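The primary structure of each chain is shown beneath.
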Amino acid sequence: MKYGIIGTGNMGSMLTHAFISSGAVRANNIAIYNRTPAKAQELKNEFSELAIAPSIKELGNTSDIIFICVKPHHYEAVIEDLTLSSSQCLVSITSPVSVADLEKAVSSQVVRIVPSITNRAHAGVSLFTFGDNITEAFKKELLSTFEFFSKPVEIEEEHIRVASDIVSCGPAFLGFLIENMIDSAHKIGGISEDKATVLMEEMIIGLAALLDKKIYSFPELIKKVTVKGGVTGEGLVALEENIDDAFLAMYQATHYKHYRDKLSIKL
Ligand SMILES: NC(=O)C1=CN([C@@H]2O[C@H](COP(=O)(O)OP(=O)(O)OC[C@H]3O[C@@H](n4cnc5c(N)ncnc54)[C@H](O)[C@@H]3O)[C@@H](O)[C@H]2O)C=CC1
Ligand SMILES: O=C(O)[C@@H]1CCC=N1
């Protein structure tokens, strides 16, 4: 199978790295194209067997599976340049473009796969929504490819925003909260930010290992750590009183942005 990647920014280059470093796709089976050619060249400097396509059209003509990895409002221009057939598969990686709208806009088979930055470390989830016309062969190919570096999970169109908030935006949201916890440790306890960061990183890696090995669920973890009459309980009460509806507000903000993006994207 020949893979084509349009847009080699954060996600296009992350996917190229993950395909090659996990052994899922060989570099000589991948063609890339980016509007700013220097960005595509940077990837080719790392993986010399990658092909740089001269245009979006040419990439479309020579690939079986084409990934669009540009920002949502650039989808229309990219799709205009592609002439695809029913024996090809177009993959969108962005949530505001629905699979149904993509199917109306192109003649190829269609899938949406929302990745996560965590896939770069061959971990985390990739969210799959298949179009109605997808063949078993492409389904199998894409699921087995993404299994090399992620846990593919099928997701219904109506749940894509919350699912993507957890899987794809989650690293940024939790990263932000963790930075706040480090900063507060420095302010309250006088520990250096560097030292607090090292402690935090090791705690998170340990927490992930507990989850990975299925030793404890989240409720079990909270119960085990909260010693009766101890400090964790006091800290949890303070958190509960101060966290308020922070996460509800966050989900509302992402849903509203998603809704506005959907209204403004015309394919
Ligand atoms: N950043 C993330 O963690 C995630 C992003 N996504 C989705 O991935 C998409 C891309 O996001 P990023 O990679 O973060 O953005 P980015 O801005 O880093 O990359 C976009 C790339 O597309 C290129 N580009 C723009 N128009 C083009 C055109 N007409 N032809 C070829 N190349 C073109 C730009 O030069 C840039 O290199 C977005 O739609 C986003 O919703 C999905 C999951 C996670
Ligand atoms: O910020 C964004 O729009 C993208 C979508 C998922 C993660 N980042």
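So, how was this worked out
- Residues numbered from 1 in each chain as written.
- Chains lettered and ligands numbered in written order.
- Predicted model: local features only at pLDDT ≥ 70, side-chain atom pairs only at ≥ 80, totals over all residues.
- Heavy atoms only, no water.
- Pairing = 2+ DSSP bridges.
- Helix = DSSP H or I, 4+ residues; strand = E, 2+ residues; numbered from the N terminus.
- Contact = heavy atoms within 4.5 Å.
- Axes fitted to C-alpha atoms, helices over the stretch in contact; angles between N-to-C directions.
- Polar contact = N/O pair within 3.5 Å; in protein donor to acceptor, adjacent residues only side chain to side chain.
- Near = heavy atom within 4 Å.
- 1 Å grid on protein atoms, 1.4 Å probe; cavity = no way out; pocket = protein on both sides within 12 Å on 5 of 7 lines; lining within 4 Å.
- Sits in = over half its atoms within 2 Å of the grid points.
- Parallel < 35°, antiparallel > 145°, perpendicular 65-115°, else oblique.
- Nonpolar A, V, L, I, M, F, W, Y, C, P; charged D, E, K, R; others polar.
- Domains from an automatic or database assignment.
- Points joined across faces, edges and corners; volume = space filled by probe spheres on them.
- Areas by Shrake-Rupley, 256 points an atom, 1.4 Å probe, with all protein chains shown as cover.
- Patch = residues over 30% accessible without salt bridge, like charges linked within 9 Å, V, L, I, M, F, W, Y side chains within 5 Å.
- Salt bridge = Lys/Arg side-chain N within 4 Å of Asp/Glu carboxyl O.
- Disulfide = S-S within 2.5 Å.
- Buried < 20%, exposed > 50% of the residue type's maximum accessible area, 1.4 Å probe, protein only.
- Phe/Tyr/Trp six-rings, centres within 6.5 Å; stacked < 30°, edge-to-face > 60°.
- Lys NZ or Arg CZ within 6 Å of the ring centre and 35° of its normal.

Turning our attention to the sheet that holds strand S2 (residues 30-33). With mixed pairing, the eight strands of this open sheet are ordered in space as S3-S2-S1-S4-S5-S6-S7-S8. For this open sheet the edge positions go to strand S3 (51-52) and strand S8 (151-154), each flanked by a neighbour on one side alone. Taken together, the two bridges between S2 and S3 define a ladder with parallel strand orientation. Counterpart to Ile-32 in the pairing with S3 is Ile-52. Its contacts with the sheet place helix H1 (residues 10-21) against strand S1 (3-6), S2 and strand S4 (65-68), and it is angled at close to 155 degrees to S1.

Moving on, we get to the side chain of Asn-34. Tracing the sequence through the fold places Asn-34 in the loop between S2 and helix H2 (37-46). Here the side chain of Asn-34 touches Thr-8 through a polar contact of 2.7 Å, landing on its backbone nitrogen. One polar contact links the side chain of Asn-34 to the main-chain carbonyl oxygen of Thr-36, over a distance of 3.0 Å. Asn-34 has contacts with Gly-7, Thr-8, Gly-9, Lys-39 and Ala-40, leaving out every residue within four places of it along the chain.

Our focus in this paragraph is the site of ligand 1. Near ligand 1 you find 23 residues, and of these Met-11, Asn-34, Lys-39, Val-70 and Thr-94 are the closest. A distance of 2.9 Å separates an oxygen atom of ligand 1 from a polar side-chain atom of Asn-34. Taking Lys-39, its side chain carries an N or O atom lying 2.9 Å from an oxygen atom of ligand 1. The pocket occupied by ligand 1, as judged from atoms lying within 2 Å of grid points, is the second largest pocket.

Any two packed helices are characterised by the angle at which their axes cross and by the distance between the axes. At a closest axis distance of 5 Å, the pairing of helix H7 (residues 160-167) and helix H8 (residues 170-189) adopts a crossing angle of 50 degrees. When the axes of H7 and H8 are compared, the pair comes out oblique. Between H7 and H8, the contacting residues are Asp-165, Ile-166 and Val-167 on the first element and Gly-170, Pro-171 and Phe-173 on the second. Residues that form the contact of H7 with H8 fall into these classes: four nonpolar, one polar and one charged.

Once that is clear, we can look at the domain arrangement of the protein. Domain boundaries assigned for the protein yield domain 1 (3-164) and domain 2 (170-254). For domain 1 and domain 2, the distance between their C-alpha centroids amounts to 34 Å.

This part covers the layout of surface pockets. In this model, the second largest pocket occupies a volume close to 1100 Å³. In this structure, the second largest pocket is lined by 39 residues; those nearest its centre are Cys-69, Val-70, Lys-71, Pro-72 and Thr-94. The greatest single-element share of the lining of the second largest pocket, amounting to four residues, is contributed by helix H12 (residues 246-264).

With that settled, consider the site of ligand 2. In the vicinity of ligand 2, the contacting residues are Ser-164, Ser-168 and Cys-169. Considered on its own, ligand 2 offers 240 Å² of accessible surface; in the complex 34% of this is hidden by protein. Under a 2 Å grid-point criterion requiring more than half of the atoms, the pocket assigned to ligand 2 is the second largest pocket.

A cluster of nonpolar side chains, contributed by Leu-174, Phe-176, Leu-177, Ile-243 and Phe-247, occupies part of the molecular surface with about 470 Å² of accessible area. Here the nonpolar patch takes three residues from H8, the largest share from any one element. Looking at where Leu-174 falls in the secondary structure, it is placed in helix H8.

With that out of the way, let us pick up the state of the cysteines. Evaluation of the coordinates by the stated rule reveals zero disulfides. For the unlinked cysteine Cys-69, the closest cysteine sulfur is that of Cys-89, found at 13 Å. On the accessibility criterion, Cys-69 (11% relative accessible area) is buried. The structure places no disulfide on Cys-169, whose sulfur is separated from the nearest cysteine sulfur, that of Cys-69, by 16 Å.

A word on the pattern of salt bridges. One pass over the structure, following the stated rule, counts six salt bridges. Taking the shortest distance from any N to any O, the salt bridge between Arg-161 and Asp-165 comes out at 2.9 Å. One end of the pair, Arg-161, and the other, Asp-165, are both in helix H7, four residues apart, so they sit about a helical turn from each other. Overall, the relative accessible area of 9% leaves Arg-161 in the buried class.

Attention shifts here to the packing of aromatic side chains. Applying the stated criterion across every chain, the model contains ten aromatic pairs. Relative to Phe-67, the ring of Phe-19 has its centre 5.5 Å away and its plane inclined at 65 degrees; by these criteria the two rings are edge-to-face. In this pair, Phe-19 is assigned in helix H1 and Phe-67 in strand S4, connecting sequence segments 48 residues apart. Across this residue pair, the class does not change: Phe-19 and Phe-67 are buried. Among the aromatic residues, those joined into a ring-pair cluster are Tyr-3, Phe-19, Phe-67, Phe-128, Phe-130, Phe-146 and Phe-149. Here the basic side chain of Lys-139 rests over the ring of Phe-130, its NZ or CZ set 5.0 Å away from the ring centre.

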